[in-house]
2 protein chains.
Amino acid sequence: MDYFSGHISTLIEQLSSLPGIGTKTAQRLAFHIISMPEDRVKKIADSMMTARSQVRYCRECCTLTDAELCPICGNRKRDHGTIMVVETPRDLSAYEKTGKYDGVYHVLHGAISPMLGIGPDDIRLKELMRRLSNEEIKEVIIATNSSLEGETTAMYISRLIKPTGIPVTRIASGVPVGGDLENIDEVTLLRALEGRTEL
Amino acid sequence: MDYFSGHISTLIEQLSSLPGIGTKTAQRLAFHIISMPEDRVKKIADSMMTARSQVRYCRECCTLTDAELCPICGNRKRDHGTIMVVETPRDLSAYEKTGKYDGVYHVLHGAISPMLGIGPDDIRLKELMRRLSNEEIKEVIIATNSSLEGETTAMYISRLIKPTGIPVTRIASGVPVGGDLENIDEVTLLRALEGRTEL
């Protein structure tokens, strides 16, 4: 790309190293950034650096946060006896958006995947087990993804927790609300059938 | 988004202010940035700041560049008597990728659009006319987009240049190479018919 000058090429290269940003998007972003007011660019750059250096894992639930405890673990109004186990902070935020869950979370930062060489020690499982032995826990809800990795992780965790006697549940899998049956894959359809409940 | 901590929310907000980056992409990017090595984050942030502060318009062709003259205008091997007029630096790069054009460029940074209130004075037209009066120019090739705005701009420029006696040409519009006739819109088909050449 020697028809772009050094600084532009460098910026395009750096941006396209981010996930989901191809060369064309990186070019578009780069030219946009160059035409932006300087203080707006500084704000974006600063927010990257600050987030990277200031954000850490919550002491309790391992989500990413500014302080030692995340706002959810620090909230005494939440039900600290119910832990929902999720794969990523984005999954946590998806459930928070519902506004209906008032328990706390545990973020694994991944899922067990023999294919990718990710074992139980590569995710935040030890931290979960430590919480279960220290605190008064009424229920652990496993909300890992409904993928092969997510299911494997769910099975693994439930077996790990069984001996403690704490009830372990798994979020339901089935036809999404508003979903058109004809557009839904067979595995989901079968899962919905297996999980049918009496009316 | 108060379930994300301050620094993460700020980063997500800043990233989603960029064009084509929605909240979901911004979240994905933010969590990726937080998990990256600190020096990689610094590199991206620095490249933004440097590009914004160091990049300027080429004295000759108005493309974005590091120095007073862009590498193309500064290259004595190029044919400085042929100027291709394009809307954006990205269009310039598209033609450079062909590797077959050895003239120079002029970047307008936009196109005339009465709809958007962009007039001839809002794009780099004066700079083009100044070049035409100073230099020995053999031909001006108008390579603005084949859109309403691009065509309007092409017409406007050609009328402006006519009195100078410099030949003005327009890149051909028609069926793209490898294009299936049945999938091409009628306007393009008619344009291709009008522009037919003898075999």
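See the structure shown above.
Computed from a prediction, not measured in an experiment: that's the story for all the values here.

> I keep staring at the overall build of chain A and nothing clicks. Help me out?
The helix and strand inventory of chain A stands at seven helices and six strands. Mapped in sequence order, the helices and strands of chain A form the string α-α-α-β-β-β-α-β-α-β-α-β-α. Computed over the C-alpha atoms, the radius of gyration of chain A is 22 Å, more than 25% above the 16 Å expected from 2.2 N^0.38 for a compact globule of 199 residues. Across its three principal axes, chain A shows a C-alpha extent of roughly 65 × 45 × 35 Å. By the burial criterion, 40% of the 199 residues in chain A qualify as buried. Considering only contacts in chain A between residues 6 or more positions apart, those separated by 24 or more positions represent 48%. Accessible surface, chain A as shown: approximately 11,100 Å² in total, 53% of it carbon and sulfur.

> Help me understand the sheet that holds strand β3 (residues 79–86) of chain B in this model?
The pairing of strands in a sheet happens through backbone hydrogen bonds and is either parallel or antiparallel. All names here are of chain B. If you trace the four strands from one edge of the open sheet to the other, you get β4-β3-β5-β6, paired in parallel fashion. In the strand order of this sheet, the two ends are held by β4 (103–107) and β6 (168–170), each with one partner. The average angle at which neighbouring strand axes cross in this sheet is 30 degrees, direction not considered. As judged from the four bridges shared by β3 and strand β5 (residues 139–142), these two strands associate in the parallel manner. Each residue of the ladder has a partner; that of M84, found in β5, is I141. Strands in contact with helix α6 (residues 148–161) are β3, β5 and β6; relative to β6, the strand with the most contacts, it is inclined by about 165 degrees.

> Please explain the nonpolar core as it appears in this structure.
A general tendency of soluble globular proteins is for nonpolar side chains to be buried together. If you look at the biggest cluster of nonpolar residues, it comprises 42 residues, and the most contacted ones within it are A:I8, A:L15, A:M48, B:I8, B:L15 and B:M48. Counting residues per element, the ones that place at least two in this core are α1 (6–15), α2 (23–34) and α3 (38–54) of chain A together with α1 (6–15), α2 (23–34) and α3 (38–54) of chain B. When sequence neighbours within four positions are dropped, the list of residues in contact with A:I8 reads A:F31, A:I34, B:V55, B:L64, B:T65 and B:D66.

> Just to check I follow, could you spell out the packing of aromatic side chains for this structure?
The description of an aromatic ring pair uses the distance of the two centres, along with the angle that the planes make with each other. Taken as a whole and assessed by the stated rule, the structure comprises two aromatic pairs over all chains. Across from the ring centre of A:Y57, 4.0 Å away, lies the NZ or CZ of A:R124, which sits over that ring.

> What's the story with the interface of chain B and chain A in this structure? I'm lost.
Accessible area lost during the coming together of the parts is what is often quoted as the interface size. The interface is formed by 51 residues belonging to chain B together with 51 residues belonging to chain A. Carbon and sulfur atoms make up 71% of the area that chain B and chain A hide from each other, which totals about 5,000 Å². Where chain B packs against chain A, one counts zero salt bridges. Summed over the shared surface of chain B and chain A, the result is 14 residue pairs in polar contact (both at pLDDT 80 or more). Of all elements in the fold, only α1, α2, α3, β2 (64–65) and α4 (89–98) of chain B reach the threshold of two or more residues within the side of chain B that touches chain A. The greatest single-element share of the side of chain B that touches chain A, amounting to 15 residues, is contributed by α3(B). Its residues placed into classes, the side of chain B that touches chain A shows 25 nonpolar, 15 polar and eleven charged.

> I would appreciate a short explanation of the pattern of salt bridges in the present structure.
Any two side chains of opposite charge can pair, on the condition that their charged atoms come close. All told, the structure shown has 15 salt bridges over all chains when counted by the stated rule. Among the ionic pairs, A:D79 bridges to A:K138, the shortest N-O distance being 3.1 Å. A residue pair is termed long-range when its members are at least 10 positions apart, and A:D79 in strand β3 (residues 79–86) and A:K138 in the loop between α5 (125–134) and β5 (139–142) qualify at 59 residues. For A:D79, a relative accessible area of 22% translates into the label partly exposed. Taking the shortest distance from any N to any O, the salt bridge between B:K42 and B:D46 comes out at 3.0 Å. On the criterion of helical spacing, the pair formed by B:K42 and B:D46 is a turn pair, its members being four residues apart in helix α3. In this structure B:D46 comes out as partly exposed when scored by relative accessible area, which is 35%. Three or more residues joined by partner-sharing salt bridges are found here, namely A:E151, A:R170 and A:R191.

> Quick question: what am I supposed to make of the pairing of β4(B) here?
Working note: regular strand, side chains alternate between the two faces of the sheet. All names here are of chain B. Most of β4 is tucked away: five of the five residues are buried. Pairing between β3 and β4: five bridges, direction parallel. Within β4, the residue paired with I83 across the bridge is V104.

> Can you help me understand the side chain of B:T153 in this one?
Residues and elements named next belong to chain B. Inspection of the secondary structure assignment puts T153 in helix α6. Residue classification places T153 among the buried positions, given a relative accessible area of 0%. In this structure T153 touches L108, A111, I112, I123 and T144, once residues within four positions along its chain are discounted.

> In this structure, what is going on with the relation of the copies chain B and chain A? I would like to understand it.
Between the two copies of the chain lies a rotation about an axis combined with a shift along it. Aligned on chain A, chain B shows an RMSD of 0.1 Å; the corresponding rotation is 180 degrees and the shift along the axis is 0.1 Å. What the superposition gives is, in effect, a two-fold axis relating one chain to the other. Considering only C-alpha atoms, the part of chain B nearest the rotation axis is B:A45, at 2.2 Å. Both copies present the same face, since 100% of the interface residues in chain B are matched by interface residues at the equivalent positions in chain A.

Conventions adopted
- Residues numbered from 1 in each chain as written.
- Chains lettered and ligands numbered in written order.
- Predicted model: local features only at pLDDT ≥ 70, side-chain atom pairs only at ≥ 80, totals over all residues.
- Heavy atoms only, no water.
- Helix = DSSP H or I, 4+ residues; strand = E, 2+ residues; numbered from the N terminus.
- Rg over C-alpha atoms; globule rule 2.2 N^0.38 Å.
- Buried < 20%, exposed > 50% of the residue type's maximum accessible area, 1.4 Å probe, protein only.
- Contact = heavy atoms within 4.5 Å.
- Areas by Shrake-Rupley, 256 points an atom, 1.4 Å probe, with all protein chains shown as cover.
- Pairing = 2+ DSSP bridges.
- Axes fitted to C-alpha atoms, helices over the stretch in contact; angles between N-to-C directions.
- Core = buried A, V, L, I, M, F, W, Y, C linked by side-chain atoms within 4.5 Å.
- Phe/Tyr/Trp six-rings, centres within 6.5 Å; stacked < 30°, edge-to-face > 60°.
- Lys NZ or Arg CZ within 6 Å of the ring centre and 35° of its normal.
- Buried area = accessible area lost by both parts, 1.4 Å probe.
- Salt bridge = Lys/Arg side-chain N within 4 Å of Asp/Glu carboxyl O.
- Polar contact = N/O pair within 3.5 Å; in protein donor to acceptor, adjacent residues only side chain to side chain.
- Nonpolar A, V, L, I, M, F, W, Y, C, P; charged D, E, K, R; others polar.
- Least-squares fit on C-alpha atoms with pLDDT ≥ 70 in both.

By themselves, these observations are geometric and do not establish any function.
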